[in-house]
Amino acid sequence: MSLFKARDWWSTVLGEKEEFDQGCLCVADVDNSGQDKIIVGSYMGYLRIFNPHPVKPGDGVQAEDLLLEVQLREPILQVEVGKFVSGTEVLHLAVLHCRKLCVYAVSGTLGNVEHGNQYQIKRMYEHNLQRTACNMTYGPFGGVKGRDLICIQSMDGMLMLFEQESYAFGRFLPGFLLPGPLTYSSRTDSFITVSSCRQVESYKYQVLAFATDADERQETEQQKLSSGKRLVVDWVLNIGEQALDICVVSFNQAVSSIFVLGERNFFCLKDNGQIRFMKKLDCNPSCFLPYCSVTEGTINTLVGNHSNMLHVYQDVTLKWATQLPHIPVSVKVANLQDLRGVIVTLSDSGHLQCSYLGTDPSLFQAPKIESREINYEELDAEMKQLQKIIKEASKTQDVLPKSERQRDLIVTAEVSPELDAESQAVDSEVKAEAVPSVTVKITIQSRVTAQKPKLAVCVQAPLAVTCDQFVFDDLEPDASETVVLSVFLKGNCPPPELEGNGVLSYSTPIGILKVAQFKFRLPLRLICFPAQPSKTANHKLTIDTNKPPVSLLTIFPDFADQSEDDQSNALGFQFLTGSKITLLASKTSQRYRIQSDQLEDLWLITKELTLRLEEHFKKENCKDFVCTFSGSIPLQEYFELIDRHFELRLNAEKFQELLSERAVQFRAIERRLLTRFKDKTPAPLQHLDTLLEGTFREVIALADGAEENQANVFQAFTKLKSATHLVVMLISLWQKLSTDQVAILEATFLPLAQDTQELGWEETVDAAISYLLRTCLSKSSKEQALTLTSELSIPKDTSRLKKHITLLCDRLAKGGRLSLSTETTTQQTVVMPGRCATIPESDLEEGTIVPGTAAMFTNHRHITKQKSKPGLSEDAAEEAEKP
């Protein structure tokens, strides 16, 4: 695309806060002096006539350039120049208002003083319109000689024709909805417009003239519209888009073309409506103008667009592109002061410019370089220094900042150690007596100038923040900003994570966009409070350590209950949603037990226990502390949560199908009723109104059910994420996985932040596990030959997913290790994202636990075959339960 700008020859800005549109610009010899003038009308009612003659190109408007400026008190929709007065072939000016058509004679009087010539307008005649006008066209309708007739299109689809001083007739266009552009073709004596059906339609003048006069029929408006259907259209062409403008081009009598500017294309048609050619435009056009080409048989077209560009096409070939200072709504070509081909453009805000195409030669000359003697020793030393700098900069570790001190902007989040004295929770769905909140203080320290900083804070649902978006003024160097927000539990279920994160985006003074990220950890007291320990529970987990047991009061001082005498070996937690969890510490062994009635409730307490134990021993300078898990992986209970979530997803699909069926039925009944109500002869409704009301109630009931099911899906997915976190943690402790392997496992089981019907958790996790089983966990090269399958879609059931999860645990128990490196596998082919082959059921060999049995995996040092083995001895379990 050319970067050349339009050369400004003359320009001005019209009025203040005035509006202009397509028909407000006209270029013609309005005063019959032999030279073109620029006529501009505005929606504010101002009529202006210009005759530009700058002293040098680029000059602004001079006082003598404005020949005439009058206010006509009514909005000017369109201005045209033609032979509109009978008895003479002199050009006159036609001005179209909303309810009036006025024809003026423009004349000038030679001035005897330095003020120049004087111009005035004289109204020759006017027509008061009975309908609101939209646009007009003119021409020698019916083949008349030496005069022009005017046709006005109203907003309700009536064509009103005027034979100069007298009104001829009016006709309604058939099937009219909204007015479109209108023009006249003298070669075929036809009116051409674009209807609301996105069709180019042509009507012969003779057909319009001999049709029934719309004004003579004393009938209702609907009957007038129906009477217009008697008009026979000459030809119709469907262009498939709305039209902005129509222009008929006939530079010689042999060839005539109809140009139509659409929203994305412009079309060139023959007189009979056949497409001569069309061009797809890259930008949304705003106006166009076909004009004569120097090449025989071709037509040039100026096309302005909303990107401030003016393109010059020769037929369909782009010949030139130039930049304009505004978006043109109208473009014309004029001959001004013996300068032929001046491009006149007008914007919607009144920017009027006369320009020409071309470029200015560059006058820059490179200065001469002073000659000097070359010192090769200095050059050699400088080259070595530069090579050293390049070598240091090319190191990988130097790409990232070495420390916090090198960062331009530092964001820190400080979570208050105490809960808010007055809770800031709003619109919480939790049914507890009080929903606490905690304050998070975020501090921004800038070392450089940060422009337009914006802060976004996010916590995982069902947690919520009082405000998640902040916008700051520009930060100066060594400046700081502080914001305070509160976090609380909004949904009626425990969250899967007690972590929050935020992103601060800003730009440097040179325009580089940068971001700074931060995380913060929320206290456990935000979602639970101390409770009485329970001795019985459905689900129990035992975490082993390599250090002597620590008093629970030391690890959880914020959950110490003063009313209890001895809490060093047993603590109770109760979530705000009602669930209770008990934590037990063994007095003799190095074990901790977590128990609860729900599997997913164990996750947050287990994670908090491991984190606090690591922090405790880190303070004591103990670097070899580790946690392990030697019990059984609770896959069966985990599979029950998967089935519950999957069942709700299937219910959502059923609700969607039923809603679609009832909506179709509701619309069909509405159409039947509408037909009955429109019928001139009343007919019985045959209980259609009762059926409509019943269907409406069914639609409302189904919508309420779908909304309730969606809330249940969200809660089930939250519980599933908590259980998934727990399973991933237990597998990592069981197999002592490294940090990288844990990251792979989390990415496999927790790929989605949100669960949707289009892309759900089950199919995504199944594809990820299948990929691992085919690559790093494969047993033979045959399994590594990946094949492409169909796109991810919701499965019929969860049996295959559960088999794959069981097989993954079995492969890990037999010594398999997770890795994404291609070096660990051989004969591995590329897998498209979201596509992978599933594992055949025959792969479930010995060691695999079939769902429905006691699914548990022990340490790989004690592998059994399809046989349940308790993770703890009875003595150890009793010892862990001792207070």
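Residues numbered from 1 in each chain as written. Predicted model: local features only at pLDDT ≥ 70, side-chain atom pairs only at ≥ 80, totals over all residues. Heavy atoms only, no water.

Trainee: Which residues make up the confidence of the model for the chain, and what are the values?
Mentor: For the chain, mean pLDDT is 81; residues scoring 70 or higher make up 84% of the total. Under a pLDDT of 50 for its full length, residues 215–229 has, in the predicted model, 18 contacts with residues more than four places off or in other chains. (pLDDT = per-residue confidence, 0-100. Contact = heavy atoms within 4.5 Å.)

Trainee: Give a detailed account of unusual backbone geometry, specifying residues and quantitative values.
Mentor: Outside of glycine, negative phi angles account for most residues, and trans bonds account for most peptide bonds. Here the amide bond leading from Ala461 into Pro462 is cis, since omega sits at 15°, within 30 degrees of zero. Tracing the backbone through its elements, the reader meets Pro462 in the loop between β31 (451–459) and β32 (463–465). In the Ramachandran plot, Arg198 falls in the positive-phi region, its phi being about 60° despite a non-glycine side chain. With respect to the helices, strands and loops of the structure, Arg198 is situated in the loop between β15 (190–194) and β16 (199–204). (Helix = DSSP H or I, 4+ residues; strand = E, 2+ residues; numbered from the N terminus.)

Trainee: Can you tell me about the sheet that holds β31, naming the residues and giving the values?
Mentor: Ordered in space as β33-β31-β35-β36, the four strands form an open sheet in which the pairing is antiparallel. Looking at the sheet topology across the chains shown, the edges are occupied by β33 (469–471) and β36 (513–521). The sheet shows a mean angle of 15° between the axes of neighbouring strands, direction not considered. Here strand β35 (residues 499–507) runs beside β36; their pairing, made up of nine bridges, is antiparallel. Looking at the pairing, Gly500 lines up with Phe520 of β36. (Pairing = 2+ DSSP bridges. Axes fitted to C-alpha atoms, helices over the stretch in contact; angles between N-to-C directions.)

Trainee: Provide a residue-level description of helix α7 (residues 688–735), including the pertinent values.
Mentor: For α7, spanning 48 residues, the distance from its first C-alpha to its last is 68 Å, which sits close to the expected 70 Å at 1.5 Å a residue. Lys736, located one to two residues past α7, shows a positive phi value of around 55°. (Expected span 1.5 Å × (residues − 1).)

Trainee: So what's going on with the pairing of strand β23 (residues 299–305)? Which residues, and what values?
Mentor: Taken residue by residue, a regular strand's side chains alternate between the two faces of the sheet. Among the seven residues of β23, seven are classified as buried, and the element is accordingly described as predominantly covered. Across seven bridges, strand β22 (residues 285–292) lies against β23 in antiparallel orientation. Along β23, the bridge assignment pairs Leu289 with Leu302. Note: β23 against strand β24 (residues 309–314), five bridges, orientation antiparallel. From the neighbouring strand, Leu302 faces β24, where its bridge partner is Val312. Where β23 folds back onto β24 in an antiparallel hairpin, the turn is made up of three residues, including Asn308, whose phi is positive at roughly 60°. (Buried < 20%, exposed > 50% of the residue type's maximum accessible area, 1.4 Å probe, protein only.)

Trainee: Which residues make up the environment of Val81, and what are the values?
Mentor: Counting through the fold element by element, Val81 comes out in strand β6 (residues 78–82). Considered as a pair, Val81 and Tyr138 are 57 residues apart in the sequence and their alpha carbons are 9.2 Å apart.

Trainee: So what's going on with the nonpolar core? Residues and values would help.
Mentor: Counting 97 residues, the largest nonpolar core has Phe573 and Tyr638 as its most contacted members. Excluding residues within four positions of it along the chain, Tyr638 makes contact with Leu599, Leu720, Ala723, Thr724, Val727, Phe749, Trp761 and Ile805. Formed by 18 residues, the second largest nonpolar core is a distinct cluster that contains Val30, Ile49, Ile76 and Val81. (Core = buried A, V, L, I, M, F, W, Y, C linked by side-chain atoms within 4.5 Å.)

Trainee: Run through the pattern of salt bridges, naming residues and quoting values.
Mentor: With the rule as written, the count across this model stands at 25 salt bridges. Across the salt bridge formed by Glu18 and Arg48, the nearest N and O atoms sit 2.8 Å from each other. With Glu18 in the loop between β1 (7–13) and β2 (25–28) and Arg48 in strand β4 (residues 46–50), the pair connects residues that are 30 residues apart, well separated along the chain. Its relative accessible area of 6% is what places Glu18 among the buried residues. Given a relative accessible area of 5%, Arg48 falls into the buried group. (Salt bridge = Lys/Arg side-chain N within 4 Å of Asp/Glu carboxyl O.)

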